[in-house]
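The lines below spell out each chain.
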Amino acid sequence: MERFLFYSSLFVVLLMALSLYRAIAGPTPLDRILGGNAIGTKTTVLIIFIGIIFERVDMFVDIALAYAMLNFIAVIAASRYFHKKGREADFY
């Protein structure tokens, strides 16, 4: 089971690296926001994996849910900011 969790975690970290590339090199702010959101989602999965490894899933699920909510709120706030910023640019 530990080997499965190790390889699963390694795969998730690899996917995070691809999302990091999209967050850094994204041609539009929307690509950057979505890359950051994907990194946050994968971090939530890694927190659950850590909970399984330490056999304290109940505690780590609470931490993962709080992190997921913060990630969601941050993405919504960034999306609204860039949406309003783009609308203001249309008037000038």
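You'll find the structure just up there.
Residues numbered from 1 in each chain as written. Predicted model: local features only at pLDDT ≥ 70, side-chain atom pairs only at ≥ 80, totals over all residues. Heavy atoms only, no water.

Quick look at the packing of helix α1 (residues 2–25) against helix α2 (residues 29–53)
Put simply, α1 and α2 touch, their axes get as near as 8 Å, and they point 165 degrees apart. Classified by the interaxial angle, the pair formed by α1 and α2 is roughly antiparallel. Crossing of α1 over α2 shows left-handed handedness. Broken down by class, the residue content of the contact of α1 with α2 amounts to 15 nonpolar, six polar and four charged. (Axes fitted to C-alpha atoms, helices over the stretch in contact; angles between N-to-C directions. Helix = DSSP H or I, 4+ residues; strand = E, 2+ residues; numbered from the N terminus. Parallel < 35°, antiparallel > 145°, perpendicular 65-115°, else oblique. Left-handed = near helix turned anticlockwise from the far one by under 90°. Nonpolar A, V, L, I, M, F, W, Y, C, P; charged D, E, K, R; others polar.)

A look at the packing of aromatic side chains
Applying the stated criterion across every chain yields a total of three aromatic pairs. With a centroid separation of 5.2 Å and 70 degrees between ring planes, the pair formed by Tyr81 and Phe82 is classed as edge-to-face. (Phe/Tyr/Trp six-rings, centres within 6.5 Å; stacked < 30°, edge-to-face > 60°.)

Overview of the nonpolar core
Listed in full, the five residues of the largest apolar core are Leu5, Val12, Met16, Leu46 and Phe49. Of all the elements in the fold, those that place two or more residues in this core are α1 and α2. Here this core takes three residues from α1, the largest share from any one element. If we skip the residues at most four places from it in the chain, Leu46 touches Ser9, Val12, Val13 and Met16. (Core = buried A, V, L, I, M, F, W, Y, C linked by side-chain atoms within 4.5 Å. Buried < 20%, exposed > 50% of the residue type's maximum accessible area, 1.4 Å probe, protein only. Contact = heavy atoms within 4.5 Å.)

A short note on the side chain of Thr43
Here Thr43 lies in helix α2. Not counting chain neighbours up to four residues away, the residues in contact with Thr43 comprise Met16 and Tyr67.

Structural notes on the pattern of salt bridges
Per the counting criterion, the structure on display carries one salt bridge. Measuring nitrogen to oxygen at the nearest pair gives 3.7 Å for the salt bridge that ties Arg56 to Asp58. Classification of Asp58 by relative accessible area gives exposed; the value is 53%. (Salt bridge = Lys/Arg side-chain N within 4 Å of Asp/Glu carboxyl O.)

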